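A look at the structure
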Amino acid sequence: MEFLDLPPVLSAQGVVRLPGSKSISNRVLLLAALAEGETEVRDLLESDDTARMLDALKTLGVGVESLGANAFRVRGAGGAFPVKEAALFLGNAGTAFRSLTATLALAGGHYQLTGVPRMHERPIGDLVNALRQIGANIAYPGNEGFPPLEIRPPALLSGQAVSVRGDVSSQFLTGLLMALPLTGAETTVEVVGELISKPYIEITLAIMARFGVQVQREGWQRFTVPAGSRYRSPGVIYVEGDASSASYFLALGAIGASDGDSLRVEGVGRDSIQGDVRFADALAQMGAQIAMGPNWIEASAPVTGKLQGISLDCNHIPDAAMTLAIAAIFAEGPTTLTNIASWRVKETDRIAAMATELRKLGVTVDEGADYIRVFPPEKITDLHPAAIATYDDHRIAMCFSLAAFGTPLRINEPNCVAKTFPDYFERFAAVTKPVPAIAIDGPSASGKGTVAARVAAALGWHYLDSGALYRLTALAARRAGIAWDDEVRVAAIAAGLDVVFSEGSILLAGEEVGEAIRTEEMSSGASQVAALPAVRAALLFRQRVFRCAPGLVGDGRDMASVVFADAATKVFLTASVEVRAERRYKQLIEKGIAANILPLLQDLRERDERDSQRSVAPLQQSTDAKLLDTTSLSIETAVAQVLAWANKAPK
Ligand code: DC
């Protein structure tokens, strides 16, 4: 399984130029394909969902040409598509699936529409029922009411009124409205039930108007597409930035941009046609400071320093509302989000997914058919580090990245963000400041442990002795009667280590083992288990969890190359093998343990060899690490040198 470990975040600030809106991109592409004339689409979102739409349009015979830099030229078909028989795979792209279903149902051809398994669990019966009222011929080869679909030419009935349910997904109404000009006749759509996600209908109507079709409407109840409506290319059309994607960065600003800093998103603002810009109002209600221009929004933390929990009907911001559920962790008092039943039929059941993953972080959550209530932890340090499952849902992955303000975090299958925001995590890293780390690597008995612990003490930072985890694994394996070369079972031991580090003592399953892991036998065992890739993988996140504010100094073999590869300060600390043997000899004698220098020397040479020759994370100086040879240096001088490199004065 792929994963991405996010270091805990201290603060956020900067400027993010947003990728194009998914909702606008896919609507514009479809209408450009149906329109008379060529349309140049600029700032299109390039992502999985738009790729599905572009592929489908090409299959349907529409001329689409990439002009580079997110620009495309679409040669409109001037009505129905040239290709009359096709099988289309639409992945998990709801916008593409619903709008193409309606369009193809009225276009006159034989089409098969399929998607990923989750797409086949997302209901589409209400749209199909509406289309059937005007003569569409649609069958369900799988389950009644769900994709896949088989579409045959319609027997169009003109002058009809169509009724469609509005309370499950607004995409049904959007798909229907965009397709209706293909009939050429006047058609009135009656919405049954309370229309949800109304701002998305506003987007649909605004884009249809740009392409020359004016829908007449009576409130949110009745929409009429006039007879003879035809799409005409507007020539060049610019796609706005994605307002839902903006929500993550605005929330970052609201949680972590203080002391005059702010987080600014460019590409959406006051003049946006996307309802999700109203997410900024919800953040303001939580106390965040918000400023807005025609095409930008800025957010920073409340003047009081702390967000406040709110209760909000989220019908108008269904997607961005998910971000509020995570911002709620950092607020005072619970946050209740209501009228979000549509979350249950999205990429995954988002209410269930959000609740499950929030609980992994130690957050208390109440959920119901159409609401979620989040109770923040008493202190943000009470959050548990966790591996977050993402359910092939881009928004779950992006939302949970915000929890890194409270804890180190693992995001499983992070590439699901490609649905709408392929470089999300790079942008996230560019505007967030992680808790600082100093990585100190070096061979056994080089003194790196002593130096690292003293640097940590001088700065008031946390300290990780990563070697202790390998030693603990060796000891626990020995006690469980497992051989040190049994990779699968030793890795299981490493994954389940019940260990507590506190105030200089190390407890393994409740028993003090500070001395027991330091024997020469455990040194050798640690070196052996450390060569097993599955053991290293099992200990990786456990090590990263030690990185907590205000900072961490970690020592080991692969701190700089693997565990804290983003550390700002990296040191490779070594000494001649003779001096290291002598230091170890003195240590043992001081502890009253009988020792002999020659076997110690021999043992160090063997361990150096094994640690530096192994295939995974071998001991070696990272190219970006500074070399500190302590053969003739005192501990004080070595500590001072590391502090100087880190540009830090002792506290
Ligand atoms: O630093 P130490 O001597 O306590 O480490 C014990 C063993 O664990 C050593 O042989 C190498 C291994 N180790 C490792 O492979 N990676 C680390 N980050 C730390 C230790």
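Residues numbered from 1 in each chain as written. Predicted model: local features only at pLDDT ≥ 70, side-chain atom pairs only at ≥ 80, totals over all residues. Heavy atoms only, no water.

**What about the sheet that holds strand β32 (residues 511-512)?**
The criterion, for reference: Paired strands, in this sense, are two strands between which DSSP finds at least two bridges. Where helices and strands are cited, they refer to DSSP runs of H or I of at least four residues and of E of at least two residues respectively, numbered from the N terminus. Contact definition: two residues touch when any of their heavy atoms are within 4.5 Å. Helix axes are fitted to C-alpha atoms over the stretch in contact, other axes to C-alpha atoms as well, and angles between N-to-C directions run from 0 to 180 degrees.
Spatial strand order, β30-β31-β32: 3 strands in an open sheet with antiparallel pairing. For this open sheet the edge positions go to β30 (499-502) and β32, each flanked by a neighbour on one side alone. Contacts from helix α14 (residues 466-479) reach β30, β31 (505-508) and β32 within the one sheet, and its direction differs from that of β31 by about 35 degrees.

**Some thoughts on helix α11 (residues 394-401)**
We apply this condition: Burial status follows relative accessibility: with a 1.4 Å probe on protein chains alone, a residue under 20% of its type maximum counts as buried, one over 50% as exposed, and anything between as partly exposed. The term polar contact refers here to a pair of N or O atoms within 3.5 Å; inside protein, the definition further demands a hydrogen-donor-capable atom paired with an acceptor-capable atom, and it admits residues adjacent in sequence only when both atoms are side-chain atoms.
With 8 of its 8 residues buried, α11 lies for the most part within the structure. Among the residues of α11, those classed as buried are His394, Arg395, Ile396, Ala397, Met398, Cys399, Phe400 and Ser401. Its side-chain oxygen placed 3.0 Å from the backbone nitrogen of Arg395, Asp393 serves as the N-cap of α11.

**Some details on the side chain of Gln543**
Its place among the elements puts Gln543 in helix α17 (residues 533-544). Aside from chain neighbours lying at most four places away, what touches Gln543 is Leu464, Ser466, Leu469, Tyr470, Met559, Val563 and Phe564.

**Describing the site of the ligand**
Rules: One heavy atom suffices: a residue is near a molecule or strand as soon as one of its heavy atoms comes within 4 Å of it. Each accessible area value is a Shrake-Rupley result obtained with a 1.4 Å probe; residue values ignore everything except the protein chains displayed when judging cover.
Looking at the ligand, there are 16 residues lining it, with Ser466, Arg471, Arg536, Arg557 and Arg614 nearest. For the ligand, an oxygen atom lies 3.3 Å from a polar atom in the side chain of Lys448. A distance of 2.9 Å separates a nitrogen atom of the ligand from a polar side-chain atom of Asp558. Calculation on the ligand without its partners gives an accessible area of 440 Å², and the protein chains cover 97% of this total. It is α14 that contributes the most residues to the shell around the ligand, 4 residues altogether.

**Overview of the pattern of salt bridges**
Test applied: Basic side-chain nitrogens of Lys or Arg form a salt bridge, by our definition, when they fall within 4 Å of a carboxyl oxygen of Asp or Glu.
In the structure shown here, the tally under the stated rule is 50 salt bridges. Notably, a salt bridge pairs Asp281 with Arg278, separated by 2.5 Å at the nearest N-O pair. Connected via shared salt-bridge partners are Lys22, Asp49, Asp319, Lys346, Glu347, Arg350, Asp393, Arg395 and Lys419.

**Points about the packing of aromatic side chains**
To be explicit about the condition: In summary, the pairing rule links any two rings of Phe, Tyr or Trp, Trp by its six-membered ring, whose centres are within 6.5 Å, and it sorts them by plane angle into stacked for under 30 degrees, edge-to-face for over 60 and tilted for everything else.
Under the definition given, this model contains 8 aromatic pairs. Their ring planes at 55 degrees and their centres at 6.0 Å tell us that Phe249 and Phe421 sit as a pair that is tilted. One end of the pair, Phe249, is in helix α7 (residues 243-256); the other, Phe421, is in the loop between β26 (409-412) and α12 (424-431), with 172 residues separating them in the sequence. Pair check on accessibility: Phe249 and Phe421 agree, each one buried. Considering the side-chain rings of Phe421 and Tyr424, the 5.4 Å spacing of their centres and the 75 degrees angle between planes classify their relative orientation as edge-to-face. Summarising the burial analysis for this pair, Phe421 and Tyr424 share the class buried. These aromatic residues form a ring-pair network of at least three members: Tyr248, Phe249, Phe421, Tyr424, Phe425 and Phe428.

**Quick notes on the sheet that holds strand β15 (residues 236-238)**
Spatially, the 4 strands line up as an open sheet ordered β5-β6-β4-β15, and their pairing is mixed. Pairing within the sheet leaves two strands with one partner each, and these edge strands are β5 (63-68) and β15. Taking the axes of each pair of neighbouring strands and ignoring which way they run, one obtains an average angle of 20 degrees across the sheet.

**Remarks on the pairing of strand β10 (residues 149-152)**
Taken together, the 3 bridges between strand β8 (residues 110-114) and β10 define a ladder with antiparallel strand orientation. Bridge pairing in β10 links Tyr111 to Ile151. Pairing between strand β9 (residues 137-139) and β10: 3 bridges, direction antiparallel. Bridge pairing links Asn137 to Arg152 in β10.

**A short note on the packing of α11 against α12**
Worth spelling out the cut-off: Working rule for angles: under 35 degrees goes down as roughly parallel, over 145 as roughly antiparallel, 65 to 115 as roughly perpendicular, anything else as oblique. The hand of a helix crossing depends on one turn: near helix anticlockwise from the far one by less than a right angle means left-handed, and clockwise means right-handed. Polar here means any residue other than Ala, Val, Leu, Ile, Met, Phe, Trp, Tyr, Cys and Pro, which are nonpolar, and Asp, Glu, Lys and Arg, which are charged; Gly is therefore polar.
Between α11 and α12, the least distance of the axes is 11 Å, while the angle of their chain directions is 15 degrees. In terms of axis orientation, α11 runs roughly parallel to α12. Between α11 and α12 the crossing geometry is right-handed. Along its contact with α11, which presents Ala397, Met398 and Ser401, the element α12 presents Tyr424, Phe425 and Phe428. Taken together, the residues that form the contact of α11 with α12 break down as 5 nonpolar, 1 polar and no charged.

**Quick notes on unusual backbone geometry**
A cis amide bond links Pro147 with the next residue in sequence, Pro148, at an omega value of 0 degrees. The residue Pro148 is located in the loop between β9 and β10 in this model. Ala549 connects to Pro550 through a cis peptide bond whose omega is 5 degrees. Relative to the elements of secondary structure, Pro550 occurs in the loop between α17 and β33 (552-556). Its identity is not glycine, yet Ala69 carries a phi of approximately 50 degrees, on the positive side. Counting through the fold element by element, Ala69 comes out in the loop between β5 and β6 (71-75).

**Concerning helix α21 (residues 635-645)**
Stated precisely, the cut-off is as follows: The directions considered for the arc run from the helix axis to the C-beta atoms.
Burial in α21 covers these residues: Ala638, Val639, Val642 and Leu643. Viewed along the axis of α21, the buried residues span an arc of 135 degrees, placing them on a single side of the element. Across from the buried face of α21, at angles greater than 90 degrees, the exposed residues are Glu636 and Ala644. Turning to α21, the residues buried within the fold contact β28 (437-441), α13 (448-459), β34 (569-574) and β35 (626-629).

**A look at a negative patch on the surface**
Short version of the rule: For patch detection, residues must exceed 30% relative accessible area and be free of salt bridges, and they are connected within 9 Å for like charges or within 5 Å for nonpolar side chains (Val, Leu, Ile, Met, Phe, Trp, Tyr). We score Asp and Glu as negative and Lys and Arg as positive, and we do not count His or the chain ends. For charged residues, the charge sits on one atom: NZ in Lys, CZ in Arg, CG in Asp, CD in Glu.
Together, Glu2, Asp48, Asp392 and Glu413 make up a negatively charged patch on the protein surface. Note on Glu2: relative accessible area 46%, which makes it partly exposed.

**A few points about the environment of Val15**
Looking at the secondary structure, you find Val15 in strand β3 (residues 14-17). Residues Val15 and Trp645 lie 630 residues apart in sequence; the distance between their C-alpha atoms is 30 Å. In contact with Val15, other than residues within four places in its own chain, are Arg264, Glu266 and Val431.

**Side note on the state of the cysteines**
Let me state the cut-off plainly: To count as a disulfide, a pair of cysteine sulfur atoms needs to be within 2.5 Å.
For the coordinates displayed, the defined rule picks out 0 disulfides. Left without a disulfide partner, Cys314 is nearest to the cysteine sulfur of Cys399, which lies 12 Å away. Residue classification places Cys314 among the buried residues on the basis of a relative accessible area of 0%. You can see Cys416 has no disulfide; the closest cysteine sulfur is in Cys399, sitting 11 Å from it.

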